[in-house]
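Residue-level listing of the chains:
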Amino acid sequence: MSRYNPKEVEPKWRSRWNEAACFNAQTASDKPNYYVLEMFPYPSGRIHIGHVRNYAMGDVIARYKKASGYNVLHPMGWDAFGMPAENAAMQTDSHPAKWTYANIDAMRDQLKRMGLAIDWTREFATCDPEYYKQQQCLFLDFWRRGFAYRKESYVNWDPVDQTVLANEQVIDGKGWRSDAPVERRKLSQWFLKITDEADDLLAALDDGRLAGWPDNVKLMQRNWIGKSKGLTMKFRFADGTSQHLPPHEFEGGLEVYTTRPDTLFGASFCAVAPDHPLAAHYAHNDPELQAFIAESLKTGVSEEAVEKAEKRGFLLPAQVTHPFEDRRLPVYVANFVLMQYGTGAIFGCPAGDQRDLDFAHKYGLDILPVVLPPDADRATFKIDDEAYVGPGTLYNSGFLDGLSIEDGIAAAITEIEAMGWGEGTTQYRLRDWGVSRQRYWGCPIPAIHCDKCGIVPVPEKDLPVKLPEEADFSVPGNPLDRHPTWKHVDCPACGGKGTRETDTFDTFVDSSWYFARFAAPAPDAPVDKTAADYWLPVDQYIGGIEHAILHLLYARYFTRLMKKCGYLSVDEPFANLFTQGMVVHHTFRDENGDWLLPEDVVVEKGAARRADTGAPVTIGPIEKMSKSKRNVVSPEAIAETYGADAARWFMLSDSPPERDVEWTDAGVDGAWRLVGRIWDTVCPAKGLLKKVDLSRPAADAAEKSMRQATHGAIAGVTDDIENFRFNKAIARIYEFLNVLKKTPDVDDWARAEALASLTQMIAPFTPHLAEECWETLGGNGFVCDAPWPKANAALLARDTLVLGVQVNGKRRAELEVAVDADNETVEKLALSAEGVKRHIDGKTVRKVVVVPGRIVNIVAN
RNA sequence: GCGGACGUGGCGGAAUCGGUAGACGCAACAGACUUAAAAUCUGUCGAGGGUAACCUCGUGGGGGUUCAAGUCCCCCCGUCCGCACCA
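Residues numbered from 1 in each chain as written. Chains lettered and ligands numbered in written order. Predicted model: local features only at pLDDT ≥ 70, side-chain atom pairs only at ≥ 80, totals over all residues. Heavy atoms only, no water.

**A word on the overall build of chain A**
Step number 1: In terms of regular secondary structure, chain A is built from 27 helices and 35 strands.
Step number 2: In terms of principal-axis extent, the alpha carbons of chain A reach across some 105 × 85 × 65 Å.
Step number 3: When the 861 residues of chain A are sorted by exposure, 53% land in the buried category.
Step number 4: Long-range contacts, defined as pairs at least 24 residues apart, comprise 73% of the intrachain contacts of chain A with a sequence gap of at least 6.
Step number 5: Roughly 38,800 Å² of accessible area belongs to chain A as shown, and the carbon and sulfur atoms make up 49% of that amount.
Step number 6: Taken as two groups, the 98 positive and 122 negative side-chain charges of chain A have centres that lie 4 Å from each other. (Helix = DSSP H or I, 4+ residues; strand = E, 2+ residues; numbered from the N terminus. Buried < 20%, exposed > 50% of the residue type's maximum accessible area, 1.4 Å probe, protein only. Contact = heavy atoms within 4.5 Å. Areas by Shrake-Rupley, 256 points an atom, 1.4 Å probe, with all protein chains shown as cover. Lys, Arg positive; Asp, Glu negative; His and termini not counted. Charge placed at Lys NZ, Arg CZ, Asp CG, Glu CD.)

**What to know about the protein's contact with RNA strand B**
Step number 1: Around RNA strand B sit 49 residues, and of these Thr 259, Tyr 341, Arg 355, Arg 673 and Glu 735 come closest.
Step number 2: For RNA strand B, the backbone makes up 63% of the atoms found within 4 Å of the protein, where backbone means sugar plus phosphate.
Step number 3: Between a base oxygen of RNA strand B and a side-chain N or O atom of Arg 811, the distance comes to 3.5 Å.
Step number 4: Here a phosphate oxygen of RNA strand B sits 3.1 Å away from a polar atom, N or O, in the side chain of His 839.
Step number 5: Per-element accounting of the surface near RNA strand B gives the leading share, seven residues, to helix H22 (residues 726-742).
Step number 6: Its residues assigned to classes, the surface near RNA strand B comprises 19 nonpolar, ten polar and 20 charged. (Near = heavy atom within 4 Å. Polar contact = N/O pair within 3.5 Å; in protein donor to acceptor, adjacent residues only side chain to side chain. Nonpolar A, V, L, I, M, F, W, Y, C, P; charged D, E, K, R; others polar.)

**Digging into the packing of helix H1 (residues 6-20) against helix H24 (residues 767-777)**
Step number 1: One way to put it is that H1 packs onto H24 with a least axis distance of 9 Å and a crossing angle of 85°. For the element pair H1 / H24, the angle class is roughly perpendicular. From H1, Val 9, Glu 10, Lys 12, Trp 13, Arg 14, Arg 16 and Trp 17 reach across to H24, where they touch Pro 767, His 768, Glu 771, Glu 772 and Glu 775.
Step number 2: Taken together, the residues that form the contact of H1 with H24 break down as four nonpolar, one polar and seven charged. (Axes fitted to C-alpha atoms, helices over the stretch in contact; angles between N-to-C directions. Parallel < 35°, antiparallel > 145°, perpendicular 65-115°, else oblique.)

**A few points about the packing of aromatic side chains**
Step number 1: Counting across every chain of the model gives 50 aromatic pairs.
Step number 2: An angle of 40° between the planes, with centres 5.7 Å apart, marks the rings of Phe 292 and Phe 314 as tilted. With Phe 292 in helix H10 (residues 287-301) and Phe 314 in strand S11 (residues 313-321), this residue pair connects regions lying 22 residues apart in the sequence.
Step number 3: On the basis of relative accessible area, Phe 292 is assigned to the buried category, the value being 7%.
Step number 4: Here the aromatic rings of Tyr 514 and Phe 515 are separated by 6.0 Å at their centres, their planes lie at 75°, and the arrangement is edge-to-face.
Step number 5: Classification of Phe 515 by relative accessible area gives buried; the value is 1%.
Step number 6: The rings of Phe 40, Phe 124, Tyr 131, Trp 513, Tyr 514, Phe 515, Phe 518, Tyr 541 and Phe 574 are connected pair by pair, giving a single aromatic cluster.
Step number 7: In this structure, Arg 63 is placed above the aromatic ring of Trp 17, and the distance from its NZ or CZ to the ring centre is 4.6 Å. (Phe/Tyr/Trp six-rings, centres within 6.5 Å; stacked < 30°, edge-to-face > 60°. Lys NZ or Arg CZ within 6 Å of the ring centre and 35° of its normal.)

**Here we look at the sheet that holds strand S19 (residues 447-450)**
Step number 1: Taking strand neighbours across the sheet as the criterion, the four strands line up as S20-S19-S22-S21 in an open arrangement whose pairing is antiparallel. Each having just a single partner strand, strand S20 (454-457) and strand S21 (488-490) make up the two edges of the open sheet. Direction aside, the axes of adjacent strands within the sheet are offset by 40° on average.
Step number 2: The pairing of S19 with S20 spans four bridges and is classified as antiparallel. Bridge pairing in S20 links Cys 450 to Gly 454. (Pairing = 2+ DSSP bridges.)

**Topic: the confidence of the model for chain A**
Step number 1: Residues at a pLDDT of 70 or more form 96% of chain A, whose mean pLDDT is 89.
Step number 2: In this model, residues 300-307 is a region of pLDDT below 50 whose contacts with residues beyond four sequence positions or in other chains number six contacts. (pLDDT = per-residue confidence, 0-100.)

**Quick notes on unusual backbone geometry**
Step number 1: In this chain, Leu 463 is followed by Pro 464 through a cis amide linkage whose omega measures 0°.
Step number 2: Its place among the elements puts Pro 464 in the loop between S20 and S21.
Step number 3: The step from Leu 536 to Pro 537 runs through a cis peptide bond, and the omega angle for that step is 0°.
Step number 4: For Phe 724, which is not a glycine, the phi torsion comes out positive at approximately 60°.
Step number 5: Topologically, Phe 724 is positioned in the loop between helix H21 (704-722) and H22.
Step number 6: Backbone geometry places Asn 808, a non-glycine residue, at a positive phi of 50°.
Step number 7: Tracing the backbone shows Asn 808 in the loop between strand S32 (800-807) and strand S33 (810-818).

**Brief notes about the pattern of salt bridges**
Step number 1: Tallied over the entire structure, the rule returns 43 salt bridges.
Step number 2: Measuring nitrogen to oxygen at the nearest pair gives 3.1 Å for the salt bridge that ties Asp 109 to Arg 113.
Step number 3: Judged by its relative accessible area of 40%, Asp 109 falls in the partly exposed class.
Step number 4: We classify Arg 113 as partly exposed; its relative accessible area is 37%.
Step number 5: Arg 560 is the salt-bridge partner of Asp 200, the closest N and O atoms lying 2.8 Å from each other. Note that Asp 200 is positioned in helix H6 (residues 198-206) and Arg 560 in helix H16 (residues 550-564), a separation of 360 residues in sequence. (Salt bridge = Lys/Arg side-chain N within 4 Å of Asp/Glu carboxyl O.)

**Brief notes about empty space enclosed by the protein**
Step number 1: Taken as a whole and assessed by the stated rule, the structure comprises three cavities of 30 Å³ or more.
Step number 2: A volume near 60 Å³ is recorded for the largest cavity.
Step number 3: Lining the largest cavity are Arg 63, Tyr 64, Ala 67, Gln 760, Ala 763, Pro 764, Val 783, Cys 784, Ala 786 and Trp 788.
Step number 4: Looking at the lining of the largest cavity element by element, the count peaks at three residues for helix H2 (residues 49-67).
Step number 5: For the lining of the largest cavity, the class distribution of residues is eight nonpolar, one polar and one charged. (1 Å grid on protein atoms, 1.4 Å probe; cavity = no way out; pocket = protein on both sides within 12 Å on 5 of 7 lines; lining within 4 Å. Points joined across faces, edges and corners; volume = space filled by probe spheres on them.)

**Here's the deal with the environment of Ala 531**
Step number 1: Along the chain, Ala 531 turns up in helix H15 (residues 529-535).
Step number 2: Here Ala 531 falls in the partly exposed class, since its relative accessible area comes to 21%.
Step number 3: In this structure, the C-alpha to C-alpha distance between Ala 531 and Tyr 34, residues 497 residues apart in sequence, is 13 Å.
Step number 4: Sequence-distant contacts of Ala 531, that is, excluding residues within four places in its chain, are made with Ala 519 and Ala 520.

**Let's talk about a positive patch on the surface**
Step number 1: On the surface, Lys 810, Arg 812, Arg 838 and Lys 843 cluster together to form a positively charged patch.
Step number 2: Take Arg 838: it is sitting in helix H27 (residues 834-840). (Patch = residues over 30% accessible without salt bridge, like charges linked within 9 Å, V, L, I, M, F, W, Y side chains within 5 Å.)

**Some remarks on the sheet that holds strand S8 (residues 228-235)**
Step number 1: What the three strands build is an open sheet, ordered S9-S8-S16; its pairing is antiparallel. Of all strands in the sheet, those bounded by a partner on one side alone are strand S9 (254-258) and strand S16 (422-427). With strand direction ignored, the average angle separating the axes of adjacent strands in the sheet is 30°.
Step number 2: The sheet contact formed by S8 and S9 spans five bridges and is antiparallel. When the bridges of S9 are listed, Lys 234 appears paired with Glu 255.
Step number 3: Relative to S16, helix H12 (residues 405-419) is tilted by about 125°, and along the sheet it contacts S8 and S16.

**Considerations on the pairing of S8**
Step number 1: In terms of burial, S8 is a largely internal element, six of the eight residues being buried.
Step number 2: Two strands pair when backbone bridges link them, and S8 and S16 are joined in this way by six bridges, in the antiparallel orientation. Across the sheet, residue Leu 231 finds its bridge partner in S16, namely Gly 424.

**Side note on the side chain of Ser 436**
Step number 1: Residue placement: Ser 436 occurs in strand S18 (residues 436-437).
Step number 2: Judged by its relative accessible area of 0%, Ser 436 falls in the buried class.
Step number 3: At 2.8 Å, the side chain of Ser 436 and the backbone nitrogen of Trp 190 are in polar contact.
Step number 4: A distance of 3.1 Å separates polar atoms of two side chains, one belonging to Ser 436 and the other to Asp 503.

The structure is reproduced here in structure tokens:
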């Protein structure tokens, strides 16, 4: 028996798969189709062990589905635009394209060495002009149909990266990548009208279209979209307080949005956001107000933590009238009102809203309770420091008195609508998607600015708008904007002088439709419709939970737009979603604060030092592996020593796939031992499949226990793979292997069945080893083409089973009984069992509970 | 603050419907092989007590429902994630 040598075996099978084009998806096939896709990687330079885990999971599914008779599409590509390439260009004085393509070459090579069942013929990078040309086509289509527009707006400006960030890229007031405090700037930006689709994006979360998605992701998206129903109404300005207001902006009054119109009778003030036009109007001649506004805007974005709870306001000269009662309400500028949500103005009901209550306390405003809690006494119920937001009955509320909150809301809306002061409306937290980035390394937005014609689309015949090859990356800012020639072009409409749009797309645009391009590449269109209809939606999408909101929401939105434009027929891109956990590791920094690779650090007794110099090292928190913090573990050393199979096996062992795992070096040995054990088990059976005809019925009925183990394993492993329980599938394979080892004397037929099944079951996990075993056993063709074994139901049934017997809920004995034994027999046997007799001796048996096939419990005292 | 998930041996984790807690792996320990080491193989491995058979305790803490609770209910503690002045 020769020792298994992955260094020889693994490359051999990879080249054989390659020659046979084993994993290329069929364009025409009568098999059912299955599209499995992992979120494509950013080409950061090297793959790390987290990538291995991610792609190994998809590979298990791909190989399992292929063996199960599907025409499988499992493609790979590169999310290749983005800032790191540009930063690298700045630092190394090279070009982002060069850096990116070099990284892609290196990572493709590494991924290929993992033995993934990928159709590499469909590979592309989003920075390929053929891809981004089609993206520009899509955009022109969207623009033409009114899904894209420009608007002047405040943006989140990252002062370090010198770029605009989406709201969702701002975390705690800081840039998601740079960690620098974000500033506000006003720029003219491109937007996609994702809010138009908010309702359908939300509805699909609940109506079964996303039944294959995890609940937590759906919940996050639901919260992100943040739909609320309420009333938009105008509070009329009181006589004599509005004569200086610009009439076109404030005609009819001050517009506010509320979800609680039932509390209108409790209103004691109105407030507008610091950046509301009304505030701006009065600030014009009021330096004090100007200062207040400036202060509020600053804290609003960057230092919310500092003055978190403090509600501050500035009283305006204007007053408004109450819609139902003859009284006036003061109007404030308040730092806790947000311009971006609703109308940027509110009415305050201190009794029913904590913020309003805090504000009322501070400025001495009336606090009139209007909701009486169910068990409260209206004579004594009072609001002190806590607003009442619970259920109850309306009171102190004129025509709403006695109504529930729900009925009160409806009645108030009806009344306001009848008065013509406003109407019931729906609001979303979700805002339109700003897609402009002031960067070089992205897909150019195909538009031309002309003094005469305004903004003109680039004609399709002129696409792609390619990035200029020469660019200056030596200073921050947008290299496209300062390029000497690139942006100067003729206006396609009038032929006069024009300038190109120098913004490029947010890279989330690139990743919003790549799955469609993989499935349906076409030379002259974004997608080939027939192929897209065949493959989409993606049957199984796999990726990190960190993309639960942004990427997944944008991709869902894009799919809807592409459907509206006739490119696709589905509106949901991903039928089933699995969010795998991340591989995490401690971060390490040396005395200078520089990040260190784990392989350069030695940790002993909780203290860390550099492997080379012995200098002390600070152990940082456990974080997701990322290139920037260098807490990455390279799979190369592992693959070099133990082979790709051991690395794959190890990454899928032990931990449930959805959970984060902390990387430890310790366990790889176990995976390597497994590889050796399987090889040692298979080797002595060389050529067995040539001797035995497994298609004929079993030779000997006496081998039932071996066959039961085999078929039990098949059933279990199959079920576990189907349900993404790879760790359990692996545990079952170990169990089966243990059984095989403990039953050396079985006939050839049963042994052949066991070993063939074992080989097939490990094939999705350790594909090279499986092929080598298959060949050794004398199997036909590739094991990856062999049909997945089917568990025989007759062999899963047992004749006897072992029942636990409890006395007063504590296990005292075990019984082996026939599966079909009746309760009386079981009860009799249980009562006479040795361990049981000891515990009921001298007691009276009060009750015997027999749960067939599960347990017996004897109650005695 | 709001919403969600989770808490099981030294470690990762298993336990499908409320039914024998700790499968499987890692680490550790002991033994075999070896001049020796590595590799491999065999065995032990929740805690406490007992020569042993076996007994007691045990799934973050406290209470409850039940013949029976890791699992269900209530309260508390802790960890993680998402959102965070959303009117």
